[in-house]
Amino acid sequence: MKSLVFQQVDVFTAVPFKGNPVAVVLDADGLSSEKMQSIATWTNLSETTFVCAPTDRRADYRLRIFTPKRELPFAGHPTIGSAHAVLRSGLKPHTSGRLVQECGKGLVDVKIDGERLLLALPEPQFGEPTMSDLTAAAEALGITATDIQRAAIIDVGPVWFTVQLASGDAVRALAPEMGKLAALNSIGITGANVFGLYQAGTNTDLEVRSFAPGDGVPEDPVCGSGNGCVAAYAGMVS
């Protein structure tokens with residue numbers, strides 16, 4: 001059996017065992033899609049990635065991203081974690097200070113800023129949920145539709161049903177029903193992404209929680225694409 005080199009990277013933190021972990025399998029070209037999915041199911045992390053040779057000459061590498069249940073065209077924290085892993089393994093970017101990742105969503109730029117890695121989110125596509133979608137999402141989240149201040153379905157590769165509540169405290173108090181959230185996959189979404197603002201003067205600006213039980217991720221510790229959707233949505237409506 002072939003041995004595989006992989007790293008587990010804690011993303012969005014400088015503290016070991018904090019943040020959001022991703023398993024990164026290096027030199028994965030010889031693996032079938034079925035084997036990749038099997039490995040991702042085994043690691044049981046929100047995502048496991050597989051670094052392959054690029055098919056686009058502009059890219060430094062190609063990344064395939066799997067949840068415990070399926071492949072995603074893009075994801076945020078796996079992109080950052082995988083970029084860290086390939087640099088740590090000795091990959092030299094085509095362009096100094098910049099990595100280009102090829103993935104199902106196309107080419108993604110990752111800026112190398114000292115110890116920090118900054119990704120450019122794929123162009124968001126916005127959709128408006130129907131009233132029945134809003135009602136179903138609210139019921140799954142354990143709230144009422146009137147608790148939702150505004151909502152959009154935002155596609156950045158993963159498709160997030162993005163909902164704003166009245167406050168960060170309301171987001172923290174959520175106790176979703178995971179079976180009902182998983183059933184929302186039938187309307188073409190990856191999961192529910194909920195945010196709320198805190199009052200000015202507090203230590204934190206907003207609270208974000210991302211749930212994707214239909215993909216085997218009841219709650220993502222820190223969701224890069226989900227947070228990116230919040231930033232894009234806030235920019236659109238401001």
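Rules used in this analysis
Residues numbered from 1 in each chain as written. Predicted model: local features only at pLDDT ≥ 70, side-chain atom pairs only at ≥ 80, totals over all residues. Heavy atoms only, no water. Salt bridge = Lys/Arg side-chain N within 4 Å of Asp/Glu carboxyl O. Helix = DSSP H or I, 4+ residues; strand = E, 2+ residues; numbered from the N terminus. Buried < 20%, exposed > 50% of the residue type's maximum accessible area, 1.4 Å probe, protein only. Pairing = 2+ DSSP bridges.

**Here's the deal with the pattern of salt bridges**
Pairs can form between side chains of opposite charge whenever their charged atoms are close. For the structure shown, the criterion picks out nine salt bridges. Its salt-bridge partner being Asp109, residue Arg98 comes within 3.1 Å of it at the nearest N-O pair. Of the two residues, Arg98 is situated in strand 6 (residues 98–103) and Asp109 in strand 7 (residues 106–113); the sequence distance between them amounts to 11 residues. Assessed through its relative accessible area of 32%, Asp109 is described here as partly exposed.

**Let's talk about the pairing of strand 2 (residues 20–25)**
Moving residue by residue along a regular strand, the side chains alternate between the two faces of the sheet. Burial of strand 2 is extensive: six of the six residues sit out of reach of the surface. Burial along strand 2 is two-sided: the face carrying Asn20, Val22 and Val24 and the face carrying Pro21, Ala23 and Val25 are both buried. Where strand 1 (residues 6–11) and strand 2 come together, six bridges link them in antiparallel fashion. From the neighbouring strand, Val11 faces strand 2, where its bridge partner is Asn20. With three bridges connecting them, strand 2 and strand 3 (residues 48–52) associate as parallel partners. Paired with Ala23 across the strands is Thr48, a residue of strand 3.

The analysis is restricted to geometry; functional conclusions fall outside its scope.
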